[in-house]
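Residue strings, one per chain:
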Amino acid sequence: MLAPTTADREYLLQRSMERQVIGLLRAIRKPQTLAAAPLMHAVCRATGQANALAALELIIGAALAGAGTNAAKLRSAILDADFNHRATNAELARRCGVSRRHFQRWRADAVSAIARYARTIVEPSTLAPRDIPSRQDAPATRFEREYEAYLRARDRGNALEMRAIAGNLRRLAPEAEAFALACSCRADASLRLGRLDEALEHLQQVAPPGNLLGRARLALLREDPARAEEYAQAAFDALARDDLERYQSLMVISQARLGRSCSWRPSPECVALPRNGWERGAMVIECARHLAREGQWQRAETLALAEHSRAAILGYQGLAARAAGVLHACVRTREDHVAAMQWRARAIEHLLATQDRFVAMRLFLRPAYDEHCGVDASLRGVLYARLCLIVPQMLGESAERRSAACDFLSVLLDDALATIPERRLQRAAARLRRADCALAHYAEKAASPITEMLALVLLSTTGLDWDVVTGRLRGMLDQSASKLRPAAPRAFAIAIPRGQKSQSALTDHLKVDDERSVEDESSSEPVAGLRIRLVPSRSVAGVTLPWSRRHAASGPARATAGSTHPR
């Protein structure tokens, strides 16, 4: 295999930077994506600008500075099209009197100039965090890209996506060291999802410090914070000083000390971390959690409020959930119960997006669900929205059906905590069946994801044992699900607005990976003979119409009973 020459390395660096610049330009309308880009972090540090959009505009102006005609054309190709959105590329090309292809050449030249300028102001480590492989090294390149995607999914807190990408890493690993890294990633994702046996199997193929960190997380799940801290400290000591994985160990140490009611503060080196990076936000939020435990409510609230806003904008769902949990405790000390319930709902909303058991553990610093703090309106809305992701047929149902579904979920949560369950669950199930809600048709089939959703809520708000809570919920759901299904099945027309993806397709993509179990493969029994139609639709004067005749479910285009009617 040929090693890359100096010219090859220069070419690959420039092309890599150009691709990153193009990504920044495409993310201008998405502040969250723009601020989370690694190159944007480096540009903000180099320019001293806290606002990502202002920093990007600053380097574009500096890179395309000049009074000549050519410089003006290049600035127009970027600023008019991307920043000001004055017109499309085709319209701007007509105004300039050139073809669209020639206008694209202007844009390419402008992007190249911005990339060259960016390379002069950012740190060399940002340009090439790893050695650039030769052009023949395709497997290693694909592995590196998948690993970067895994790290982004971990920052966002998406445990299901982490597990799916880790499966790809195991297939693409070009050598033994890379395969061990892939097994470490798979073990981490499996632990977050609570699949302990699978995680132990993968941890056997991982060497320290990845093995030590995995053992620490496993000890946390088994409610052994002392052993978790011991393992995490050993992993921290084994990692290099400039390795960002050290902060994963610090997170485990913080959680372990919180479980033991011991004090903890982040190390001074955390001050040098990038302001919008996951690691910096994690350390600040952990500090706020310990301040709240010590009763320093004002300082904890100030830190948590700022970090919650930043984490929500950047898409760090796990960090946003922890910050909202701190704010719930701070607001509750002032006896502002309305605000406390709203922060509880926000924390659970972020938590359910991650499906992460580590985030759920001790999310709230005090019990947040009891006879005084039940399911309020804000939490009902969060649970229903998440349930629509599990059962997309519930989208757009009537207020009566929404109320019946929410009441059913509330009773499930209440009875899971009750010592002697009442007959409320039977009445709620009967009401759900009479309302002919889509949940009544799909509760039996979707029992596992519904159980996991409600168990995460109870784990985070009460701190009860996961297996106990899951067993209670699954037993009650299995007992009532068979009685829920209506006698007459009906067809569900799920309207998918143009330009948007189906929510069911999203969850199916995340749930199905390379290691489906035998039980999943053999489970092909139809659900009550239900008939489902996917109807790409547009809303016109309160009705739903197919986009064209070839997209109609059956027969010619015709209006249905309303844009949100489930029939």
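Residue numbers restart at each chain and count upward from 1, following the sequence in its written direction. Per-residue local features of the predicted model are confined to residues with pLDDT of at least 70, and side-chain atom pairs are confined, for both listing and counting, to 80 or more; whole-chain, interface and lining totals are unaffected and use all residues. For the side-chain quantities, the full set of heavy atoms in the structure was used; hydrogens and water were omitted.

1. Overview of the overall build of the protein chain
And then number 1: Secondary structure elements follow DSSP: runs of H or I of four or more residues count as helices, runs of E of two or more count as strands, with numbering from the N terminus. Counting its regular elements, the protein chain contains 28 helices and three strands.
And then number 2: Taking all 567 residues of the protein chain together, 47% fall into the buried category.
And then number 3: The contact rule is simple, with two residues in contact once any of their heavy atoms fall within 4.5 Å. Within the protein chain, residue pairs in contact and separated by at least 24 positions form 65% of the contacts whose partners lie at least 6 positions apart.
And then number 4: Working definition of accessibility: Shrake-Rupley area with a 1.4 Å probe, residue cover restricted to the visible protein chains. When the accessible surface of the protein chain is split by element, carbon and sulfur atoms take 51% of a total near 28,000 Å². Think of it in three bands: residues with accessible area under 20% of the maximum for their type are buried, residues over 50% are exposed, and the middle band is partly exposed, with areas taken using a 1.4 Å probe on protein chains only.

2. Observations regarding the pattern of salt bridges
And then number 1: What counts as a salt bridge is simple: a side-chain nitrogen of Lys or Arg found within 4 Å of a carboxyl oxygen of Asp or Glu. Summed over the entire model, instances satisfying the criterion amount to 25 salt bridges.
And then number 2: Linking Arg-192 and Asp-188 is a salt bridge whose minimum nitrogen-to-oxygen distance equals 3.0 Å. Residue Arg-192 and its partner Asp-188 are both found in helix H11 (residues 176-192); the two are separated by four residues, about one turn of the helix.
And then number 3: Looking at Asp-188, the relative accessible area reads 6%, which means it is buried.
And then number 4: We note a salt bridge from Arg-227 to Asp-224, for which the minimum N-O separation is 3.5 Å.
And then number 5: Take Arg-227: its relative accessible area is 43%, and that puts it in the partly exposed class.
And then number 6: You can call Asp-224 partly exposed: its relative accessible area is 30%.
And then number 7: Three or more residues are tied together by salt bridges with common partners; here these are Asp-188, Arg-192, Arg-217 and Asp-356.

3. Structural notes on helix H19 (residues 337-354)
And then number 1: If you check H19, its first and last C-alpha atoms are 26 Å apart, about what 18 residues at 1.5 Å a residue would give, namely 26 Å.
And then number 2: Those residues of H19 that are buried are in contact with helix H10 (159-172), helix H17 (297-314), helix H18 (317-333), helix H20 (357-360), helix H21 (377-390) and helix H25 (447-462).
And then number 3: Two residues or fewer after H19 comes Gln-355, characterised by a positive phi angle close to 60 degrees. Expected span, for any helix, means 1.5 Å times one less than how many residues it has.

4. Quick look at the packing of helix H23 (residues 424-434) against helix H26 (residues 466-484)
And then number 1: The angle between two axes is taken between their N-to-C directions and runs from 0 to 180 degrees, where each axis is a line fitted to C-alpha atoms and a helix contributes only its stretch in contact. Between H23 and H26, whose axes approach to 10 Å, the crossing angle comes to 35 degrees. Like other packed secondary-structure pairs, H23 and H26 cross with a definite hand, here right-handed. Residues Leu-425, Ala-429, Leu-432 and Arg-433 of H23 pack against Met-476, Ser-480, Lys-483 and Leu-484 of H26.
And then number 2: Lys, Arg, Asp and Glu make up the charged group, whereas Ala, Val, Leu, Ile, Met, Phe, Trp, Tyr, Cys and Pro make up the nonpolar group; the residues left over, Gly among them, are polar. Looking at the contact of H23 with H26 residue by residue, the classes come out as five nonpolar, one polar and two charged. Working rule for handedness: look at the near helix, and if it is turned counterclockwise from the far one by less than a right angle, call the crossing left-handed; if clockwise, right-handed.

5. Topic: H25
Residues lying three or four places apart along an α-helix face the same way, a consequence of the helix completing one turn every 3.6 residues.
And then number 1: Taking 1.5 Å of rise per residue, 16 residues should cover 22 Å, and H25 covers 22 Å from first to last C-alpha, within 8% of that figure.
And then number 2: Counting buried residues along H25, 12 of its 16 residues qualify, which places the element largely inside the surrounding structure.
And then number 3: Taken residue by residue, H25 has Ala-447, Ile-450, Thr-451, Met-453, Leu-454, Ala-455, Leu-456, Val-457, Leu-458, Leu-459, Ser-460 and Thr-461 as its buried positions.
And then number 4: Against the buried residues of H25 lie H19, H20, H21, helix H22 (399-417), helix H24 (438-442) and H26.

6. Structural notes on the confidence of the model for the protein chain
And then number 1: Summarising the model, the protein chain shows a mean pLDDT of 80, and 80% of its residues fall at 70 or more.
And then number 2: Here pLDDT means the predictor's own confidence in every residue, given as a number from 0 to 100. Mean pLDDT in the protein chain bottoms out at strand S3 (residues 543-546), which sits at 37, and peaks at H18, which reaches 95.
And then number 3: pLDDT under 50 marks residues 499-567. Its contacts with residues more than four places away, or in other chains, come to 105 contacts.

7. Things to note about empty space enclosed by the protein
One way to see where empty space is left: roll a probe the size of a water molecule over the atoms.
And then number 1: Definitions used throughout: a 1 Å grid over protein atoms alone; a cavity as a set of points that fits a 1.4 Å probe which cannot get out; a pocket as an open set with protein on both sides within 12 Å along at least five of seven lines; a lining residue as one with an atom within 4 Å of a point. Grid points are joined across faces, edges and corners, and a volume is the space filled by probe spheres set on the points. All chains considered together, the criterion is met by two cavities of 30 Å³ or more.
And then number 2: Forming the walls of the largest cavity are 17 residues, and the residues nearest its centre are Arg-192, Met-251, Trp-278, Arg-322 and Asp-356.
And then number 3: Elements represented by at least two residues in the lining of the largest cavity include exactly helix H9 (138-156), helix H15 (246-259), H18 and H20.
And then number 4: Per-element accounting of the lining of the largest cavity gives the leading share, four residues, to H15.
And then number 5: Its residues assigned to classes, the lining of the largest cavity comprises seven nonpolar, four polar and six charged.
And then number 6: A volume near 30 Å³ is recorded for the second largest cavity.
And then number 7: What lines the second largest cavity is Arg-275, Asn-276, Gly-277, Gly-281, Glu-307, Arg-310, Ala-311, Leu-314, Tyr-316 and Leu-319.
And then number 8: Element by element, the count of residues in the lining of the second largest cavity is highest for H17, at four residues.
And then number 9: Looking at the lining of the second largest cavity residue by residue, the classes come out as four nonpolar, three polar and three charged.

8. Some words on the nonpolar core
And then number 1: Take the buried Ala, Val, Leu, Ile, Met, Phe, Trp, Tyr and Cys residues and link them wherever side-chain atoms come within 4.5 Å; each set so joined is a nonpolar core. Counting residues in hydrophobic clusters, the biggest one holds 74 residues, and the most contacted among them are Leu-352, Met-394, Phe-408, Leu-432, Leu-439, Leu-454 and Leu-473.
And then number 2: Each residue touching Leu-432, except ones within four places of it in the same chain, is listed here: Ala-404, Ala-405, Phe-408, Cys-437, Leu-439, Ala-440 and Leu-484.
And then number 3: Judged by nonpolar contacts, the second largest core, of 71 residues, contains Ala-52, Ala-77, Leu-221 and Ala-228.

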